[in-house]
Amino acid sequence: MLFLPLLLSWLLNYHSTDFWHQQKVSASLSDVAAGDTTIIITAISGLQFDIVRFAVKPNTNVKIILENGDDMAHNWVLTQPGKRLDVVNAALALGDKGPKLDYVPRTALVLSYVPVLDPDQQKEITFKAPAKEGVYPYACTYPGHGFVMYGAMYVTTKSMPSLKNDPNIPPQRAVEEPAPRTATYSDPRPSPHPYPRELPMLYRTFMPESGPASIVVMLPNEQSYCWDAGACRLRYAWRGYVDNAEHWRGNGKKISKVVGDTYFRDQAGFPLRFGTATQMPQQVKFKGYRIINRYPQFWYSADGVEVRETIKAVPSGNGLVREFQIHEAKSPVFFQTNSQDGMDYSASVGEFRDGVLRLEPGQAHHFIITMKAKKAEKL
Amino acid sequence: MRKYPFLLLFLLATFTISAQTVKDSICNYYAIETIPMPQGLLAETGAVDFLPDGRLIACFHKGEVMTYDRSKKEWKLFAEGLHDPLGILVVSNQEVLIMQRPELTRVTDTDNDGRADLYETVTDQFGISGNYHEFAFGPIKDKEGNLYFSLNLASGLGGIFDEVRGTLDTLGRPGRMFSTVPYRGWVMKLDKQGHLIPWASGFRSPNGLGFDLQGNLFVPDNQGDWIGTSPLYHVQKDHFYGHPSSLVWSAGFPDVNPLNVPVVDLDKMRTKAAVLFPQGFMANSPTQPLCDTTKGKFGPFAGQMLIGEMNHPRLIRLMMETVDGQIQGACVPFYDSCGLRMGNNRMAFAPDGSLWIGQNDHDAWTGAEGIQRITWNGKVPMEVYSMNLTKNGFDLTFTHPVDRKTATQLANYQFKRYYYEYHRAYGSDQFDVKPVDVKKIKISRDGKKVSLNLSELKPGYVYEMRLKNLQSTEGKPVLNTLVCYTLNKLRK
């Protein structure tokens, strides 16, 4: 027992001298023979390497080109089989010596490395693959990164095991996410929350073809709509649901996905007008929403006139029922549509003429607009 | 004892060992508890706070806001559907303010059924371009009731939407991190009357805000372009803190790309950090600063500030002071390892004086998920309690009287100093690294204060101190021996 620390320090000290010398020699190999391998590995956002495993043959030359495509610094460190966590922890233990050593502990457990690269930098190294077949882990040993940011170099003449069952790569990269089936219009996957999915369901998220402050609502009857809280208006509606998985999982660069068939896309701009049908309000302001039986009742103002709007699905087919409350209008209220948008409009009060509904201020206190897709077609 | 002669021997042996090389640890003074999280929750914790009734309220990456009753070990959903909520400020048992990507929102349970039913926009009068990196942090409330929050810059690794919210200014678009819509890279003040005031500029990733006991506002930033090592700033109105991109939204700033302003000029404009966290070994990504307002319930450091850290299993303690009119000071690890995980993103004190830590490992952050709770057990560790600049060195005040034999040896205080470059590149090496000799040591009569005379004090440098072999009169070693003092101003 008492020898263990001694033995360890001997191993580390004695072998490291030897090893660093060797490493220099192999790094200067320039002639690339047949069977040699060049691998371009990119550090990408989400603390991961884009390539999580590759195979080389024993005793062949390996060229690693490391690119840092992330917005923080990373290195690349190849270790002895099974020693990734030891090296990662040793790097963490370097403390203030870490930055100077590129966070690479000087131990024989490290076989080769690319020093710390700042974002957008690139560097290559060449080394000889070990003679002994095995799985040689690599990791970024920047403090803490290597617990999740790693991969495996297989030194083998055979093929690698199936990706799905490979314990040597980060677990989230070992499973291929089953793509949601598009045949159904409701999400077949289990709830992503610690409670069951219950419709209607609202998310504020990044949606395609809308402003960055969007709200998506999944309704009963397999319908969903995207409401833009910046522009204070309905942007589009579809038969189907929203898939936030990639937006949540990554750094947010990937936005939420519309799954299903879009049957309405607004082309008329902000629909409400006051006083004249042709004059769009100058300023809209989002004020929030109240949840009533899980439906959001949006609250916003247009040129100072307060509006409340609740959107539900039509009982059958593709379409929406939009309930408005406008109490402060001092002049007639107009609701403008675009006759080319594929929808049939009807109103609880007043009538649409040439795609425009005109209401007296009193009629605007409470009115419902039903919009139904003329036929269930994909836009 | 006659029956167990070996026991005496054992005790003696133990005593001998402990008297020479006591291995002490923070676990002997604080207990840590890992809070069980609800099943099915992605516990990337965006914020934690406490309701007046003592329940925890926390928000998570997928938009959930949940409460936790520790006595019942019960989680309940309070609100849902928010976009990356990263801040909570409790108003009452039924009402909280939440900072999410698009806005600051007042979330209220108006019918008292435990679930929020009203989401009111408190302010959305700032831009969002759709870039993934435009996080929003805060709010915190000052004594007068004004709110403060901070807006992250966008990242050049991502694009922007075809439609943005707010005025688009292409002059702010270049750069690794950018500010192409209003007030990205700013700390904002929302006064009690509802006016939103751009308060201070020059931030990159200001992930957390906090006040000290006197009401001074502190905001950290993250090492990166223009930031040599992660800083903590004392934030004051109209000050500029160094990252140029946000200057496009500064009133009176000329119509130029701020990145093209000569570095020397930017350097003159900027306010330097009150505390620098040397990258790699002190902190990589400091998070929320939090003042210990427990009046002693959480231990001997009441009134000082703590700050979280993502990349180490660590919380850091700050020892700040005013020198020549400016706040500056030192950082020292506080709770390190001992069961604490990484990813310490948010903190809040419970009414019982325990510290709750929300952890996050979202995407580019290395860290952990979930929530941990730290309680003080009433014993006081041997620590540097404060570090104060003097005319010719530093005064170190310890929590216990020092052992004079070890404390009078010059070699037991190792100083070096260095600076980090202010430049456009990502991060900075340490420059002009030099050891600094301790010339003289004086110990106060009560043994708690050690005054050190240094061979040189130079403004603009970090003074890194490492203590060796120092212990209390009772033989307790100093737990955290690495202390870094940011010296901007000399004592006049």
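All residue numbers here refer to positions counted from 1 along the written sequence of the relevant chain. Naming scheme: in the order in which they are written, chains are lettered from A and ligands are numbered from 1. Where local features are concerned, this predicted model is filtered to residues with pLDDT of at least 70; where side-chain atom pairs are given and counted, the filter is 80 or more; whole-chain, interface and lining totals use all residues.

Draft legend 1. Structural context of the overall build of chain B. If you tally the helices and strands in chain B, you get 3 helices and 34 strands. In summary, chain B has a C-alpha radius of gyration of 24 Å against a globular reference of 23 Å for 492 residues, a match within 12%. Burial statistics for chain B: of 492 residues in total, 53% are counted as buried. The contact rule is simple: place each C-beta atom from the backbone, and if two of them lie within 7 Å, those residues are in contact. Put simply, of all contacts in chain B between residues at least 6 apart along the chain, 59% involve residues at least 24 apart. Counting from the N terminus, the helices are the DSSP runs of H or I reaching at least four residues and the strands are the DSSP runs of E reaching at least two. This radius of gyration counts C-alpha atoms alone. The globule rule is 2.2 Å times how many residues there are, raised to the power 0.38. Whether a residue is buried, exposed or partly exposed is read from the other C-beta atoms within 10 Å of its own C-beta, which are placed from the backbone; 20 or more gives buried, 12 or fewer gives exposed, and intermediate counts give partly exposed.

Draft legend 2. The overall build of chain A, seen in detail. Summing up its helical and strand segments, chain A has 4 helices and 24 strands in all. Burial analysis of chain A (379 residues in total) assigns 40% to the buried set. Pairs at least 24 apart in sequence give 58% of the contacts found in chain A among residues at least 6 apart.

Draft legend 3. A look at the domain arrangement of chain B. All names here are of chain B. Residue ranges assigned to each domain were obtained from an automatic or database domain assignment. When its domains are assigned, chain B resolves into domain 1 (26–272) and domain 2 (384–487). Each partner contributes residues to the interface: domain 1 has 11 residues there, and domain 2 has 10 residues. Of the residues belonging to the side of domain 1 that touches domain 2, the class tally is 4 nonpolar, 5 polar and 2 charged. Residues are grouped as follows: Ala, Val, Leu, Ile, Met, Phe, Trp, Tyr, Cys and Pro are nonpolar; Asp, Glu, Lys and Arg are charged; all remaining types, including Gly, are polar.

Draft legend 4. Highlighting the domain arrangement of chain A. By domain assignment, chain A separates into domain 1 (34–174) and domain 2 (201–373). Between domain 1 of chain A and domain 2 of chain A, the C-alpha centre-to-centre distance is 50 Å.

Draft legend 5. Inspection of the interface of chain B and chain A at higher detail. Across the contact, 45 residues belong to chain B and 44 residues belong to chain A. Per element, the largest residue contribution to the side of chain B that touches chain A is 4 residues, and it comes from strand 9 (residues 118–123) of chain B. Looking at side-chain class alone, the side of chain B that touches chain A contains 17 nonpolar, 19 polar and 9 charged residues. Here, strands pair whenever DSSP counts at least two bridges between them. In this sheet, strand 9 of chain B lies alongside strand 16 (residues 284–292) of chain A in antiparallel orientation, the contact comprising 3 bridges. By the bridge assignment, A:Tyr289 is partnered in strand 9 of chain B with B:Tyr119.

Draft legend 6. Local environment of the sheet that holds strand 10 (residues 136–141) of chain B. Residue and element names in this part refer to chain B. Strand order in this open sheet of 4 strands is 10-11-14-15, and the pairing throughout is antiparallel. Because the sheet does not close on itself, it has two edges, and the strands there are strand 10 and strand 15 (196–201). Strand-to-strand, the axes of this sheet are offset by a mean angle of 25°, without reference to chain direction. Every axis corresponds to a line fitted to the C-alpha atoms, with the helix fit spanning only the stretch in contact, and the corresponding angles, defined between N-to-C directions, vary from 0 to 180 degrees.

Draft legend 7. Looking closely at the sheet that holds strand 5 (residues 74–79) of chain B. Residues and elements named next belong to chain B. Strand order in the open sheet formed by 4 strands is 2-3-4-5, with antiparallel pairing between adjacent strands. One side of each edge strand has no neighbouring strand; the edge strands of this open sheet are strand 2 (45–50) and strand 5. Strand-to-strand, the axes of this sheet are offset by a mean angle of 25°, without reference to chain direction.

Draft legend 8. Examining the nonpolar core more closely. The biggest cluster of nonpolar side chains holds 177 residues, and the ones touching the most others in it are B:Ala58, B:Met188, B:Val275 and B:Ile316. Non-local contacts of B:Met188, meaning those with residues more than four positions away in its chain, are made with B:Phe126, B:Tyr148, B:Phe149, B:Leu151, B:Tyr183, B:Leu196, B:Ile197, B:Pro198 and B:Trp199. We define the nonpolar core as any set of buried residues of the types Ala, Val, Leu, Ile, Met, Phe, Trp, Tyr and Cys, connected via C-beta atoms lying within 7 Å of each other. Ranked by size, the runner-up nonpolar core spans 43 residues in total, among them A:Trp76, A:Ala139, A:Tyr142 and A:Tyr150.

Draft legend 9. Region of the structure containing the environment of A:Phe335. All names here are of chain A. Within the secondary structure layout, Phe-335 lies in strand 20 (residues 333–336). Overall, Phe-335 belongs to the buried group, with 23 C-beta atoms counted inside 10 Å. Through-space distance from the C-alpha of Phe-335 to that of Arg-358 is 6.6 Å; in sequence the pair is 23 residues apart. If near-sequence neighbours (up to four positions away) are discounted, Phe-335 is found in contact with Pro-271, Leu-272, Leu-357 and Ile-369.

Draft legend 10. Structural view of helix 2 (residues 84–92) of chain A. All of the buried residues in helix 2 of chain A are A:Arg84, A:Val87, A:Val88, A:Ala90, A:Ala91 and A:Leu92. Residues of helix 2 of chain A that are buried sit in contact with strand 5 (74–79), strand 6 (110–117), strand 8 (134–139) and strand 9 (150–155) of chain A.

Draft legend 11. Representation of the confidence of the model for chain A in the model. Confidence of the prediction at every residue is given by pLDDT, a number between 0 and 100. Averaged over chain A, the pLDDT score is 86; the fraction of residues at 70 or greater is 88%. With pLDDT under 50 throughout, residues 1–34 of chain A is counted as low confidence; its partners more than four residues away or in other chains account for 19 contacts.

Draft legend 12. Structural detail: unusual backbone geometry. With an omega dihedral of -5°, the bond running from A:Leu199 to A:Pro200 counts as a cis peptide bond. The residue A:Pro200 is located in the loop between helix 3 (171–174) and strand 10 (201–205) in this model. Cis geometry is adopted by the peptide bond preceding B:Pro139, which originates at B:Gly138 and carries an omega value of -10°. Position of B:Pro139 among the secondary structure elements: in strand 10.

Draft legend 13. The arrangement of the pairing of strand 9 of chain B in detail. Alignment of strand 8 (residues 103–108) of chain B against strand 9 of chain B, held across 5 bridges, turns out to be antiparallel. Bridging across to strand 9 of chain B, B:Leu104 finds its partner in B:Thr123.

Draft legend 14. Examining the environment of B:Pro381 more closely. Residues and elements named next belong to chain B. Note that Pro-381 resides in the loop between strand 26 (370–376) and strand 27 (384–389). Using a count of 23 C-beta atoms within 10 Å as the deciding quantity, one classes Pro-381 as buried. Each C-alpha atom, one on Pro-381 and one on Gly-299, is 9.3 Å from the other, the two residues being 82 residues apart in sequence. In this view, Pro-381 contacts Ile-26, Tyr-29, Thr-399 and Leu-479; residues no more than four positions away in its chain are not counted.

Draft legend 15. View of the confidence of the model for chain B. All names here are of chain B. Averaged over all residues, the pLDDT of chain B equals 94, while 95% of them reach at least 70. Here residues 1–21 is modelled with pLDDT under 50, and outside its nearest four sequence neighbours on either side it reaches 2 contacts, counting other chains as well. With a pTM of 0.81, the predicted complex shows an ipTM of 0.93.

Draft legend 16. Local environment of the environment of B:Leu97. Residue and element names in this part refer to chain B. Relative to the assigned elements, Leu-97 resides in strand 7 (residues 95–100). Its 24 C-beta neighbours within 10 Å are what place Leu-97 among the buried residues. Sequence separation of Leu-97 and Asp-117 is 20 residues, and the distance between their C-alpha atoms is 14 Å. When near neighbours in sequence (up to four residues on either side) are disregarded, Leu-97 contacts Leu-89, Val-91, Leu-104, Arg-106, Val-122 and Pro-139.

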